[in-house]
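Topology and contacts: notes
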Amino acid sequence: MVQMHRLSVAIDGPAGAGKSSVARMLAAQLGYIYLDTGAMYRAITYEALRKGLSEKDPKAVSEMAEHMNMKVAEGAQGMEIFLDGNNVTPFLRTEEVSRHVSPVSAIPRVREILVAVQRKLSEGGGVVLDGRDIGTVVLPGADVKVFLTASAEERAKRRFRELKGTPEERPFSSICDNIRRRDAIDAGRAVSPLRAAADAVLIDNSSMTLEETAEAIAVLCRRVQEA
Ligand code: CDP
Ligand code: CDP
């Protein structure tokens, strides 16, 4: 049997585009590791909030990030994050973390620290990463780069449906506001703004299912494998 080259796959895009669901699905199909880089920024934000630190004090948040003991592991529900040995994954998608994560992610030192971790974990390939700067900064040499998007309305609807009936349920207008605000900060920041890499394939999945989206990216992977 021909030994397949283990690819590195970068999936970037705005909030609610379906990146993490599709990345998880694709990684499972290919037998690759899935790295949710957003969860890493959320973990730093969670820890900063827990310690009473504000993004308005970037020096304090940077110092905290430098001394953080962060580990990632493959759990039953996908990637899990441990801080000082404690699994913080269940606390990363709260409204409070979602409100602060974009300003925390705009702190240059925080990005430097996490980009180094993400590159290290991607060594050797066989990885699918999703985030905002994977194709542009973290893995500029990725074998497959996708910029996944959908209309803001559709993305907010998806998040609304996802949170409905959970303790994080919120009015549609509040979800819409959070998504628009994060998109604006993520795309407007000085360091590693959200944008498609010049060589990324753009996929608008506003009217595609998760399965169709994952298959579209799997086709790109097969093309690279066969080239
Ligand atoms: O899943 P959702 O789109 O809500 O967000 P996420 O992927 O968990 O990312 C949360 C936030 O982390 C984003 O809004 C960005 O501010 C930041 N982030 C980033 O700056 N760079 C990345 N590679 C990933 C996330
Ligand atoms: O990671 P990101 O914020 O880009 O999106 P996600 O967390 O993977 O997806 C947000 C929600 O939209 C999830 O509940 C997905 O199941 C849903 N979704 C969907 O219904 N259809 C798609 N084509 C993509 C995502």
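Above this note sits the structure.
Structure report, in brief. Since this is a predicted model, take the numbers as computed values, not measurements.

Okay, the site of ligand 2 next. If you check the shell around ligand 2, you find 15 residues, and the closest are G16, K19, S20, S21 and M208. S20 is positioned with one of its side-chain polar atoms (N or O) 2.6 Å from an oxygen atom of ligand 2. R159 places a polar side-chain atom, nitrogen or oxygen, 3.0 Å from an oxygen atom of ligand 2. The protein chains hide 83% of the 540 Å² of surface that ligand 2 would expose on its own. Among the residues forming the shell around ligand 2, the class breakdown is five nonpolar, six polar and four charged.

Our focus in this paragraph is the pairing of strand β6 (residues 127-131). Moving residue by residue along a regular strand, the side chains alternate between the two faces of the sheet. Most of β6 is tucked away: five of the five residues are buried. Burial along β6 is two-sided: V127, L129 and G131 facing one way and V128 and D130 facing the other are all buried. Summarising the sheet, strand β1 (residues 8-12) and β6 pair through five bridges and their orientation is parallel. Directly across from V9, in β6, lies its bridge partner V128.

Using the criterion set out here, one finds two aromatic pairs in the structure. Here Y46 and F91 contribute two aromatic rings whose centre-to-centre distance is 5.7 Å and whose plane-to-plane angle is 15 degrees, an arrangement assigned as stacked. Here Y46 is found in helix α2 (residues 37-50), whereas its partner F91 is found in the loop between β5 (86-87) and α4 (95-105), with 45 residues between them in sequence. A relative accessible area of 39% means that F91 is categorised as partly exposed. Geometrically, the ring pair formed by F160 and F172 is edge-to-face, given 5.9 Å between the ring centres and 85 degrees between the ring planes. With F160 in helix α7 (residues 152-163) and F172 in helix α8 (residues 172-188), this residue pair connects regions lying 12 residues apart in the sequence. Overall, F160 belongs to the partly exposed group, its relative accessible area being 25%.

Turning our eyes to something else, we now look at the site of ligand 1. Looking at ligand 1, there are 19 residues lining it, with R42, R111, R159, R182 and D186 nearest. Within the contact set of ligand 1, an oxygen atom lies 2.8 Å away from a side-chain nitrogen or oxygen of R182. Going through the elements one at a time, α2, α4 and α8 are the ones with two or more residues in the shell around ligand 1. Of the residues forming the shell around ligand 1, the biggest block, four residues, is contributed by α2. Classifying every residue of the shell around ligand 1 gives three nonpolar, six polar and 10 charged.

Let us look at the nonpolar core. Judged by nonpolar contacts, the single largest core of 32 residues is most densely connected at I44, I81, L92, V110 and L129. For this core, the secondary structure elements donating two or more residues are α2, α3 (58-66), β4 (78-83), α4, α5 (108-122), β6 and α6 (134-138). Here this core gets seven residues from one element, more than from any other, and that element is α2. Look past the residues within four positions of I44 in its chain and what remains in contact with it is V61, M64, A65, M68, M70, V104, V110 and L114. The next biggest cluster of nonpolar side chains, apart from the first, holds 20 residues, and it includes A23, L26, Y34 and V128.

It is the contact of α2 with α3, at a shortest axis distance of 10 Å, that shows an interaxial angle of 115 degrees. For the element pair α2 / α3, the angle class is roughly perpendicular. Classified by chirality, the crossing of α3 by α2 is right-handed. Here I44, E47 and A48 of α2 come into contact with α3, specifically with V61, M64 and A65.

Cut-offs and rules
Sequence order as written defines the numbering, with residues in each chain counted from 1. Labels follow written order: the first chain is A, the first ligand is 1, and so on. pLDDT decides what is reported in this predicted model: residues at 70 or higher carry local features, side-chain atom pairs at 80 or more are listed and counted, and totals for whole chains, interfaces and linings draw on all residues regardless. As a rule here, side-chain values cover all heavy atoms of the structure and leave hydrogens and water aside. Any residue with a heavy atom lying within 4 Å of a molecule or strand is counted as near it. Any pair of N or O atoms that falls within 3.5 Å is considered a polar contact. Within protein, one atom must be able to donate a hydrogen and the other to accept it, and sequence-neighbouring residues count only if both atoms are side-chain atoms. Where accessible areas are quoted, they stem from the Shrake-Rupley method and a 1.4 Å probe; at the residue level, only the protein chains shown are allowed to cover. Here the term charged refers only to Asp, Glu, Lys and Arg, the term nonpolar to Ala, Val, Leu, Ile, Met, Phe, Trp, Tyr, Cys and Pro, and the term polar to all other amino acids, Gly among them. Buried, partly exposed and exposed residues are distinguished by accessible area as a fraction of the type maximum, computed with a 1.4 Å probe on protein chains only: under 20%, between the cut-offs, and over 50%, respectively. Going along the chain from the N terminus, every DSSP run of H or I of four or more residues is numbered as a helix, and every run of E of two or more is numbered as a strand. Note on pairing: two strands pair once DSSP finds at least 2 bridges between them. Ring geometry is summarised as follows: Phe, Tyr and Trp rings, the Trp one being its six-membered ring, pair when their centres sit within 6.5 Å, and such pairs are stacked at plane angles under 30 degrees, edge-to-face over 60 and tilted between the two. Nonpolar cores were defined as sets of buried Ala, Val, Leu, Ile, Met, Phe, Trp, Tyr and Cys residues, with membership established by side-chain atoms within 4.5 Å. Any pair of residues with heavy atoms lying within 4.5 Å of one another is described as a contacting pair. Axes, fitted as lines to C-alpha atoms, cover a helix only where it is in contact. Angles between the N-to-C directions of the axes lie from 0 to 180 degrees. Note on angle classes: values under 35 degrees are labelled roughly parallel, values over 145 roughly antiparallel, values of 65 to 115 roughly perpendicular, and the remainder oblique. Each crossing gets its hand from how the near helix is turned against the far one by less than a right angle, where anticlockwise is left-handed and clockwise is right-handed.

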